[in-house]
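# An overview of the molecular structure
As a plain string of letters, each chain reads:
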Amino acid sequence: TIQGHYSIAPNNICVPEEVTFSSTATPASTHKWIISSPTMSDTIYGDHQTYIFTDPGHYSVYYQAYEALACAAEINLSNYITSGVMPIADFSLEPAEAEVGQSVYFTNNSIGDNVNYHWGFGDGSVSAEENPTHIYTNEDSYNVVLSVTDRDNAVCEDTHTETVQVVDNHVLYVPNSFTPNDDGLNDVFLPVVTNVAKYSISV
């Protein structure tokens, strides 16, 4: 009886990537690995071999160790290896410097087929939209992170980061006194505001 164990690693990959096939089965003079998918089949021999996968998909592995064909150990691993294509995350934003309460528009420029999107806007808010819009409510500098993964296998991920500067240009100055003596200086009590379309005041 042949005894021992095998190792196939890694089994979640992004093509092109190399996978190592190892076995400590003893006594065995021959180690046979058949790698197959619906569109291909390939065979390698040895107790420690590598194989480069170049196409995305699911691959099954049939392993056989034997000293003679009458004394063999085998194992069949269906869809054991999952391979995907690494996407390239990228995006642009407008404006790069926004005011508090202003919409910031994010345009996804990522490269890859069938990708999922996860946006982190730096203020605790997230989105799964392809081209989201976000409004910041506080003045600060925010790191926006886009993570993209391949949708079919979700084993390949890339991230990209951009910074958006949010400023508060709304200025409100309320004087605490005025001098209504008709000298042309501070005759009228009136707040001074900037970038404010409408306000109300009561005294």
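Structural data are supplied above this passage.
The sections below set out a description of the structure shown in this document. (Residues numbered from 1 in each chain as written. Predicted model: local features only at pLDDT ≥ 70, side-chain atom pairs only at ≥ 80, totals over all residues. Heavy atoms only, no water.)

For the rest of this paragraph, the subject is the overall build of the protein chain. Along the protein chain, the regular secondary structure elements total zero helices and 18 strands. The 203 residues of the protein chain split such that 31% are buried. Considering only contacts in the protein chain between residues 6 or more positions apart, those separated by 24 or more positions represent 53%. When the accessible surface of the protein chain is totalled, it reaches about 12,400 Å², and 48% of it is carbon and sulfur. (Helix = DSSP H or I, 4+ residues; strand = E, 2+ residues; numbered from the N terminus. Buried < 20%, exposed > 50% of the residue type's maximum accessible area, 1.4 Å probe, protein only. Contact = heavy atoms within 4.5 Å. Areas by Shrake-Rupley, 256 points an atom, 1.4 Å probe, with all protein chains shown as cover.)

Moving on, we come to the sheet that holds strand β2 (residues 12-15). Read from one edge of the open sheet, five strands run β2-β8-β7-β4-β5, paired in mixed fashion. Looking at the sheet topology across the chains shown, the edges are occupied by β2 and β5 (40-45). Strand-to-strand twist across the sheet, computed as the mean angle between neighbouring axes with direction ignored, equals 25 degrees. Relative to strand β8 (residues 71-85), β2 runs parallel, the two sharing four bridges. Note that in β8 the partner of Cys 14 across the bridge is Gly 84. (Pairing = 2+ DSSP bridges. Axes fitted to C-alpha atoms, helices over the stretch in contact; angles between N-to-C directions.)

Residue placement: Ser 23 occurs in strand β3 (residues 17-23). A polar contact is formed between the side chain of Ser 23 and the backbone nitrogen of Ala 25, at a distance of 3.1 Å. In this structure, Ser 23 is in contact with His 5, Tyr 6, His 31, Trp 33, Asp 47 and Tyr 63, ignoring residues within four places of it in sequence. (Polar contact = N/O pair within 3.5 Å; in protein donor to acceptor, adjacent residues only side chain to side chain.)

With that out of the way, let us pick up the sheet that holds strand β12 (residues 115-120). Taken together, five strands build an open sheet; the order of strands is β10-β16-β15-β12-β13 and the sheet is mixed. Unpaired on one side and paired on the other, β10 (97-99) and β13 (126-127) mark the two borders of the sheet. Sheet topology places β12 next to β13; two bridges connect them, and they run antiparallel. If you follow Gly 120 over to β13, its bridge partner there is Val 126.

This next bit is on the pairing of β3. Here strand β1 (residues 6-9) pairs with β3 via four bridges, running antiparallel. Paired with Ala 9 across the bridge in β3 is Thr 20. Bridging between β3 and strand β6 (residues 48-53) involves six bridges; their strand directions are antiparallel. Looking at the pairing, Phe 21 lines up with Gln 49 of β6.

The next subject is the environment of Thr 43. Inspection of the secondary structure puts Thr 43 in strand β5. What makes Thr 43 partly exposed here is its relative accessible area of 33%. Separated by 20 residues in the primary sequence, Thr 43 and Tyr 63 place their C-alpha atoms 9.8 Å from one another. Setting aside anything within four residues of it in sequence, one finds Thr 43 in contact with Lys 32, Trp 33 and Ile 34.

What follows deals with unusual backbone geometry. Here the bond from Thr 26 into Pro 27 is cis, since omega is -15 degrees, no more than 30 degrees from zero. Inspection of the secondary structure puts Pro 27 in the loop between β3 and β4 (30-37). With an omega of -5 degrees, the peptide bond running from Glu 94 to Pro 95 counts as cis. Position of Pro 95 among the secondary structure elements: in the loop between β9 (91-94) and β10. Backbone geometry at Asn 79 places phi at a positive 50 degrees, although glycine is not the residue there. Here Asn 79 lies in strand β8.

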